[in-house]
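# Overview (structure and organization)
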Amino acid sequence: MASTSFFPPRPSSTLAEIASLTKATLVDASQAEHRITGLASLDEAGPMHLTFFENLRYVDDLVATRAGACLVSERFEGRVPPHVAVLRARRPFHAFVEVARQLYVDALRPSTGLSGQGIAPTAVIDDTAKLEDEVTVEPLAVIGPDVEIGAGTVIGAGAVIAAGVKIGRDCDIGAGSHLQHALIGNNVLMHPGCHIGQDGFGFIFAGRHTKVPQTGRVIIQNDVELGAGTTIDRGSLRDTVIGEGTKIDNQVQIGHNVTIGRHCVIAAKCGLAGSLTLGDNVALGAMVGINNHVMIGDGAQVAAMSGVKDSIPAGERWGGMFARPTRTWFREMLAVRRLAEASGPETAAKPDDDRDEGRG
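Conventions and cut-offs
Residues numbered from 1 in each chain as written. Predicted model: local features only at pLDDT ≥ 70, side-chain atom pairs only at ≥ 80, totals over all residues. Heavy atoms only, no water. Helix = DSSP H or I, 4+ residues; strand = E, 2+ residues; numbered from the N terminus. Rg over C-alpha atoms; globule rule 2.2 N^0.38 Å. Contact = heavy atoms within 4.5 Å. Buried < 20%, exposed > 50% of the residue type's maximum accessible area, 1.4 Å probe, protein only. Arc of directions from axis to C-beta. 1 Å grid on protein atoms, 1.4 Å probe; cavity = no way out; pocket = protein on both sides within 12 Å on 5 of 7 lines; lining within 4 Å. Points joined across faces, edges and corners; volume = space filled by probe spheres on them. Nonpolar A, V, L, I, M, F, W, Y, C, P; charged D, E, K, R; others polar. Expected span 1.5 Å × (residues − 1).

## Quick word on the overall build of the chain
For the chain, the count of helices and strands is five helices and 39 strands. Here the C-alpha atoms of the chain give a radius of gyration of 27 Å, more than 25% beyond the 21 Å that 2.2 N^0.38 yields for 360 residues. Considered along the principal axes of its C-alpha atoms, the chain spans approximately 80 × 75 × 55 Å. Taking the contacts inside the chain whose residues are at least 6 apart along the sequence as the reference set, 20% of them involve residues at least 24 apart.

## A short note on helix 1 (residues 15-22)
Every α-helical turn comprises 3.6 residues, leaving residues that sit three or four positions apart pointing alike. Of all the positions in helix 1, only Leu15, Ile18, Ala19 and Thr22 are classed as buried. Projected down its long axis, helix 1 carries its buried residues within an arc of 100 degrees, all on one side. Looking one or two residues beyond helix 1, the residue adopting positive phi is Lys23, at roughly 60 degrees.

## Observations concerning the layout of surface pockets
In this structure, the largest pocket occupies an estimated 450 Å³ of space. If you trace the largest pocket, you find 23 residues lining it, with Arg109, Pro110, Ser111, Val154 and Asp172 closest to the centre. For the lining of the largest pocket, the per-class residue count stands at six nonpolar, eleven polar and six charged.

## As for helix 4 (residues 326-342)
The end-to-end C-alpha separation of helix 4 is 24 Å, in line with the 24 Å expected for 17 residues at 1.5 Å each. Remark: Gly344 follows helix 4 within two positions and exhibits a positive phi of approximately 80 degrees.

No statement about biological role is implied by the geometric values presented.
Structure below.
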């Protein structure tokens, strides 16, 4: 059967080359010329694959693996089967990722693969738009008046870049994305279906809902990555800002006037209400919801599926509904469980004789 991988690796590498790339130690130097043609998990790897081990939960998979080589820390290398070449690494998974980045370069950026370099014949580009050299515009994309796009940027199929939007160099704008009222930095990656710069959700109620004009912008700084289906509202009076190096997962909603600092990580399906602020290096687990006007301090972490209604000091870890410091949250959950256990099993409800009257 033909290979079904959409990301064929680059030419094979020897274990000596992998050791040099990752700064790992090849325990048996006689295996230096053994070639690796791909990467795989412990349980699926074969003799031509490189794998890694870092978590005791998978020790049974390690013992049974058929991999050709395994990146592993010194602590666990004794558990690697004798037929598997050992690459001793201080941080095995980090080393594995370094190899993956070399073997599968094409997987590092979103791509539809619909066209090569240049402008597709079916793309629609306004005469006043300014595109630097080496911009790629895929089929059916639309680029409006006074748009500016930097060299090396790819505009995906069916994307719409509205009037006046500025996009920096070496960006990828995913298929079906829509950008308006936005300034985008360099090396920004947007996966398919992102919507940037539409109205924020602003109304006043005086007998009926009256719309508040949303006249701000979205500013996305360099090296940001946005997951598929992410939505970022433009500001009402001030701008919505996404800081340098921040990584945002799929289907995240970011409201108007939000400021997100540098190098934050926001997992899937988070909802950020308007006018809140995240400091630098903040991490939000999946499906976190944050109330408006809240401040999350630098380096703070919020557990998945938490609801945040209060500001969080820098460096703290919070979780729960509503979120509080994780130690408090865990103590409360433990106390509730102990209370439930102390009360014993529930007694079966007795039949209600009155309700049964008149039944056959």
